[in-house]
Amino acid sequence: MSLTKRTLALSAGLSIALAGAWGVARAADNPAHQRHEAMETVQESFKPLRAIAVKEAPFDAAVVKKNASTILEKLKEAHGLFPEGSGGGDSRAKAEIWSDRAGFDKAMQEAQAAAAAMAAVTDEAAYMPAMKTLGGSCKACHDKYRLPKQ
Amino acid sequence: MRLFPRSPRVLAAIAVVLAVAAFVFWWLTRPDPFPASAIPTHQANLENGETLYHAGSCHACHRPPEGASDASLPSGGTPFPTPIGVFYPQNITPDRETGIGGWSEADFVSAMTRGLAPDGRHYFPAFPYVAYRAMRLPDLLDLRAYLMRLKPVRAVHPPHGVPLLGFARRGVGLWKRLALARPPWSAAGGTSASWMRGAYLVNAPGHCGECHNPKNWLMLEDLGRYMQGGPHPAGDGKVPSLVGLQAREKYEDAAQLTLALQNGEELGFEDLSSGGMGLIQSNLAKLPESDVRAISEYLLSLK
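Residues numbered from 1 in each chain as written. Chains lettered and ligands numbered in written order. Predicted model: local features only at pLDDT ≥ 70, side-chain atom pairs only at ≥ 80, totals over all residues. Heavy atoms only, no water.

Let's talk about the overall build of chain A
On a plain count of helices and strands, chain A comes out with six helices and zero strands. When its helices and strands are written in sequence order, chain A yields α-α-α-α-α-α. Buried residues in chain A amount to 34% of all 150 residues. Expressed as a percentage of contacts within chain A between residues at least 6 apart in sequence, the contacts between residues at least 24 apart total 73%. With an accessible surface of roughly 8600 Å², chain A has 62% of that area assigned to carbon and sulfur atoms. (Helix = DSSP H or I, 4+ residues; strand = E, 2+ residues; numbered from the N terminus. Buried < 20%, exposed > 50% of the residue type's maximum accessible area, 1.4 Å probe, protein only. Contact = heavy atoms within 4.5 Å. Areas by Shrake-Rupley, 256 points an atom, 1.4 Å probe, with all protein chains shown as cover.)

Written out as structure tokens, the structure is:
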């Protein structure tokens, strides 16, 4: 490899690495982006639970436990990602999250409690009530503290 | 040149012009109530009234503020923010003093289809009478009968937070000249009885177009862009388009949209929360399943 080519390859590699690092740094210090990612995972984990609820899939306590645990973990993660001043721009976070912090925290805690209860469901009879409570907790918080799509 | 003419003739001319303008304004904005003689004899169907109550999501806007003891009753007063100010929706329980208990059938039909209070004042179009004009008269009377059988709640609300409230209210009469001159929605191109039912529920009592139709500069619905969504009336974010829901892979089929409207985010349909849609969905969930299915069929036919 000639010196020029080596220099070129090196600088290209370095650029890519730098761009990547910048992207990671940006995502890392942007709580709005991070909590959005966490919520996307919650939404994905909800799908197998819905499939059971509408009888597209059979009740399976292992599937329920796995997905509800992911939801709980991601909700906890997201809850810690609402620092003061992280609304605005593309974020759908309403100003009420910070003007009514106690109400928001309570709604988030209720969602986490509902996810924990869902993770503990082992019999089919308890499934639908747990589902309604969990989904209802998402709805209650989103109606009050989430803006329409931007 | 003097800024203020002092000649008595000029002053008199100005006074005449102002008086004529005031008269024209007063004349153009005069109320035109629904005539009591046009109310037919009617045997009320309370079940139908209840269906229409939920189809119109009446409770969504007329709900009491948080913490009220009778939260399920439509005694009004929850602030309703709009670009021109904050409204406090009316108490529509049958309390004689603060609700609609003293309203005749003609009063109710006037309010619903002509945007007029029993005393002749205009309602602001935050109350969607433009859409309700398309409701059938027997349906309006059933809805009234249903409301009249709710528990009366005494509830007094603050005046609307609109600048120059009295003048603005009278001025709504001018806007109504334009808005009510348009023909009410009427069914066209029905493919099935269920589709027709859905079309009626969506366009007449459901008044979905109030938010999902974009509005032009006169705040009239832009029917050329029917149900294509637009800026959210509360000022932040957007109202989604209801056109091409299937092509855009929002819902697989009418069965799935029915499930979504019946359960909303309780089954993880998160698009049905936020921006006020969560409340609407909670109301629609109380409709008979065949009606929710009809709404879904109609909505998915919008391409």
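Next comes the rest of the description.
Notes on the environment of T258 of chain B
Residue and element names in this part refer to chain B. Mapped onto the fold, T258 is located in helix 10 (residues 254-263). For T258, a relative accessible area of 4% corresponds to the buried category. Note: C-alpha distance between T258 and E289 (31 residues apart in sequence) is 8.0 Å. Non-local contacts of T258, meaning those with residues more than four positions away in its chain, are made with V292, R293 and S296.

Considering the pattern of salt bridges
Side-chain pairs of opposite charge can arise whenever the charged atoms involved come near each other. Within the structure shown, the criterion is met by 17 salt bridges over all chains. Its salt-bridge partner being E44 of chain A, residue K47 of chain A comes within 3.1 Å of it at the nearest N-O pair. On the criterion of helical spacing, the pair formed by K47 of chain A and E44 of chain A is a turn pair, its members being three residues apart in helix 2 (residues 31-53). What makes K47 of chain A partly exposed here is its relative accessible area of 39%. Note that D139 of chain B is salt-bridged to R136 of chain B, the shortest N-O span being 3.8 Å. With relative accessibility at 8%, the residue D139 of chain B sits in the buried group. (Salt bridge = Lys/Arg side-chain N within 4 Å of Asp/Glu carboxyl O.)

Some points on the packing of helix 5 (residues 101-119) of chain A against helix 6 (residues 127-145) of chain A
Residues and elements named next belong to chain A. The contact between helix 5 and helix 6 brings their axes to 9 Å, and the two run at 160°. Relative to helix 6, the element helix 5 lies roughly antiparallel. Handedness of the crossing formed by helix 5 with helix 6: left-handed. Mapping the contact onto sequence places G103, F104, A107, E110, A111, A114, A115 and M118 in helix 5 and Y127, A130, M131, T133, L134, S137, C141 and Y145 in helix 6. By residue class, the composition of the contact of helix 5 with helix 6 is 12 nonpolar, three polar and one charged. (Axes fitted to C-alpha atoms, helices over the stretch in contact; angles between N-to-C directions. Parallel < 35°, antiparallel > 145°, perpendicular 65-115°, else oblique. Left-handed = near helix turned anticlockwise from the far one by under 90°. Nonpolar A, V, L, I, M, F, W, Y, C, P; charged D, E, K, R; others polar.)

A short note on the interface of chain B and chain A
Listed by partner, the interface residues are 22 residues for chain B and 20 residues for chain A. Both sides of the chain B and chain A interface together cover about 1800 Å² of buried area, and 44% of this is carbon and sulfur. When the buried surface of chain B facing chain A is broken down by residue, E266, L267 and S274 of chain B rank first, second and third, together holding 32% of it. Across the pair E66 of chain B and K144 of chain A runs a salt bridge, and its minimum N-O distance is 3.4 Å. Put simply, chain B and chain A have 15 residue pairs in polar contact (both at pLDDT 80 or more) between them. (Buried area = accessible area lost by both parts, 1.4 Å probe. Polar contact = N/O pair within 3.5 Å; in protein donor to acceptor, adjacent residues only side chain to side chain.)

A few points about the packing of aromatic side chains
Residues and elements named next belong to chain B. Tallied over the full model, the rule gives 12 aromatic pairs over all chains. Taking 5.2 Å as the distance between ring centres and 50° as the angle between the ring planes, the aromatic pair formed by Y53 and Y146 counts as tilted. Note that Y53 is positioned in helix 2 (residues 46-55) and Y146 in helix 6 (residues 137-148), a separation of 93 residues in sequence. In this structure Y146 comes out as buried when scored by relative accessible area, which is 16%. When the ring of Y123 is compared with that of F127, the centres are 5.5 Å apart and the planes differ by 80°; the resulting orientation is edge-to-face. Both residues of the pair, Y123 and F127, belong to the buried class. Each member of the aromatic cluster is reached from another via a ring pair, and the members are Y123, F127, Y129 and Y132. In this structure, R30 is placed above the aromatic ring of W27, and the distance from its NZ or CZ to the ring centre is 4.2 Å. The ring of Y129 has K176 sitting right over it, with the charged end atom 5.3 Å from the ring centre. (Phe/Tyr/Trp six-rings, centres within 6.5 Å; stacked < 30°, edge-to-face > 60°. Lys NZ or Arg CZ within 6 Å of the ring centre and 35° of its normal.)

Examining the layout of surface pockets
Taken as a whole, the second largest pocket spans an internal volume of roughly 1100 Å³. Around the second largest pocket, the lining is made up of 40 residues, and of these M39, E40, R92 and R146 of chain A together with E270 of chain B lie nearest the centre. Counting only elements with at least two residues in the lining of the second largest pocket, the list comes to helix 2, helix 5 and helix 6 of chain A. At 12 residues, the largest contribution of residues to the lining of the second largest pocket is made by helix 2 of chain A. A per-class count over the lining of the second largest pocket returns 16 nonpolar, nine polar and 15 charged. (1 Å grid on protein atoms, 1.4 Å probe; cavity = no way out; pocket = protein on both sides within 12 Å on 5 of 7 lines; lining within 4 Å. Points joined across faces, edges and corners; volume = space filled by probe spheres on them.)

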